[in-house]
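# Structural overview
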Amino acid sequence: MKEPITRLLGGKWQEDQSERITEIPVHLIDPSPYQPRSVFEDDKLDELCQTIKTHGIIQPIVVRKNGPRYELIAGERRLRAVKKLQLEVIPAIIKNMNDTQAASVALIENLQREGLTSIEEAIAYKKLIDIHGLTQEALAQRLGKGQSTIANKLRLINLPELVQEGLMQRKLTERHARALLQICTEEEILHRLYNDIITRDLTVKQVEDRIKQYKESQNKPKKPKRVGISKDIRIARNTISQSIEMVKKIGMNIDVEETDMDEYYQITIKLPKK
């Protein structure tokens, strides 16, 4: 964990060799406000509880002083397991860190472990960028990742809350979510597609095909709407036409102009005075 944090903090990280492992009362430890992980699988936590029962806590958690209490920096799952086992104390290393350092360590520690969802990973990257004022490229270099990897994860934050929650709960894959990014502003079709992914187990290809069909339908020129002519209107027009023909038969040269005004017909008749 030390090397990535050193790169991220620009070489300001110093390991204190005098730090010792201390038993701390569990009830005095507050959760980290920088914890990116929000979903903890019960079966994995149960496995950790069983390991702790058998072997004890092999790796201590990391905390920092916060007045009379302590704030967790690293080791959320271990702390949760200890609470579930109703143990009173937990081995911990107390570090002297400012907010920026504590946030960086908490985020990096979680990013280096397996099990984060893609949206949790995206949120962690966003927090690191905001904390250190980095560009995507600078963050990628400091974490030893490709810039495109960071960019693709960060784009997921643009998705509606419904889809982000689905990613958090692992109801759909990151590839499904990336496909939905194409229509993230089309709320109705996006929600419909999201529900079909969940209920009908759509593949990524099926989702992409549906999005393509939707976009093609939106780009087709719309046919002009034809307004039907009621029977009464037809009778009225025919009556006027017959009257005009009768006037013409008596030798009067009249001028008739008929215009379709969409919502009504306009008929102009000019009768010469001479």
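So, a few notes on the structure that sits alongside this text. The model shown is predicted, which means the values in this text are computed figures rather than measured ones.

### Let's talk about the pairing of strand β4 (residues 69-74)
On a regular strand, one side chain projects to one face of the sheet and the next to the other, so that they alternate. In terms of residue burial, β4 counts as a mostly covered element, since 5 of its 6 residues are buried. The pairing of strand β2 (residues 29-30) with β4 spans 2 bridges and is parallel. Bridge assignment links Asp30 to a residue of β4, and that residue is Glu71. In terms of strand pairing, strand β3 (residues 61-66) meets β4 through 5 bridges, oriented antiparallel. In the strand pairing of β4, Val62 is matched with Ala74. Here β3 folds back onto β4, and the loop between the two strands holds 2 residues, one of which, Gly67, carries a positive phi near 70 degrees.

### Describing the nonpolar core
By size, the foremost hydrophobic cluster in this structure holds 21 residues, and its most contacted members are Leu159, Val163, Leu180, Ile183 and Val207. For this core, the secondary-structure elements that each account for two or more residues are α8 (161-168), α9 (174-180), α10 (187-200) and α11 (204-219). The element that contributes the greatest number of residues to this core is α10, accounting for 5 residues. Setting aside anything within four residues of it in sequence, one finds Leu159 in contact with Gln164, Leu167, Ala177, Leu180 and Leu181. Among the nonpolar cores identified, the runner-up in size contains 16 residues, and Leu45, Ala81, Ile90 and Ala92 belong to it.

### Details of the packing of aromatic side chains
Enumeration according to the criterion identifies 0 aromatic pairs in this entry. Sitting over the ring of Tyr70, Lys65 keeps its end group 4.6 Å from the ring centre.

### Description of a nonpolar patch on the surface
A cluster of nonpolar residues, Ile240, Ile250, Met252, Val256, Ile269 and Leu271, forms a patch on the protein surface that exposes about 520 Å² of accessible area. Residue placement: Met252 occurs in the loop between α12 (231-249) and β6 (255-260). Taking relative accessible area as the criterion, Met252 reaches 34% and is therefore assigned partly exposed.

### Describing the sheet that holds β3
In space, the 5 strands of this open sheet follow the order β1-β5-β3-β4-β2, with mixed pairing throughout. Strands with a single pairing partner mark the edges of an open sheet, and in this sheet they are β1 (21-25) and β2. Each of β3 and β4 is contacted by helix α4 (residues 99-111), which is oriented at about 45 degrees to β4, the strand it contacts most.

### Here's the deal with the side chain of Glu76
Tracing the backbone shows Glu76 in helix α3 (residues 76-84). Within the local environment of Glu76, its side chain forms a polar contact with the side chain of Arg80, the two groups lying 2.9 Å apart.

### Quick look at the pairing of strand β5 (residues 89-94)
With 5 bridges joining them, β1 and β5 adopt antiparallel strand pairing. Residue pairing across strands places Ile24 opposite Ile90, the latter belonging to β5. Relative to β5, β3 runs parallel, the two being bridged by 3 bridges. Considered in β5, the bridge of Ile61 is made with Ala92.

So, how was this worked out
Residues numbered from 1 in each chain as written. Predicted model: local features only at pLDDT ≥ 70, side-chain atom pairs only at ≥ 80, totals over all residues. Heavy atoms only, no water. Buried < 20%, exposed > 50% of the residue type's maximum accessible area, 1.4 Å probe, protein only. Helix = DSSP H or I, 4+ residues; strand = E, 2+ residues; numbered from the N terminus. Pairing = 2+ DSSP bridges. Core = buried A, V, L, I, M, F, W, Y, C linked by side-chain atoms within 4.5 Å. Contact = heavy atoms within 4.5 Å. Phe/Tyr/Trp six-rings, centres within 6.5 Å; stacked < 30°, edge-to-face > 60°. Lys NZ or Arg CZ within 6 Å of the ring centre and 35° of its normal. Patch = residues over 30% accessible without salt bridge, like charges linked within 9 Å, V, L, I, M, F, W, Y side chains within 5 Å. Areas by Shrake-Rupley, 256 points an atom, 1.4 Å probe, with all protein chains shown as cover. Salt bridge = Lys/Arg side-chain N within 4 Å of Asp/Glu carboxyl O. Axes fitted to C-alpha atoms, helices over the stretch in contact; angles between N-to-C directions. Polar contact = N/O pair within 3.5 Å; in protein donor to acceptor, adjacent residues only side chain to side chain.

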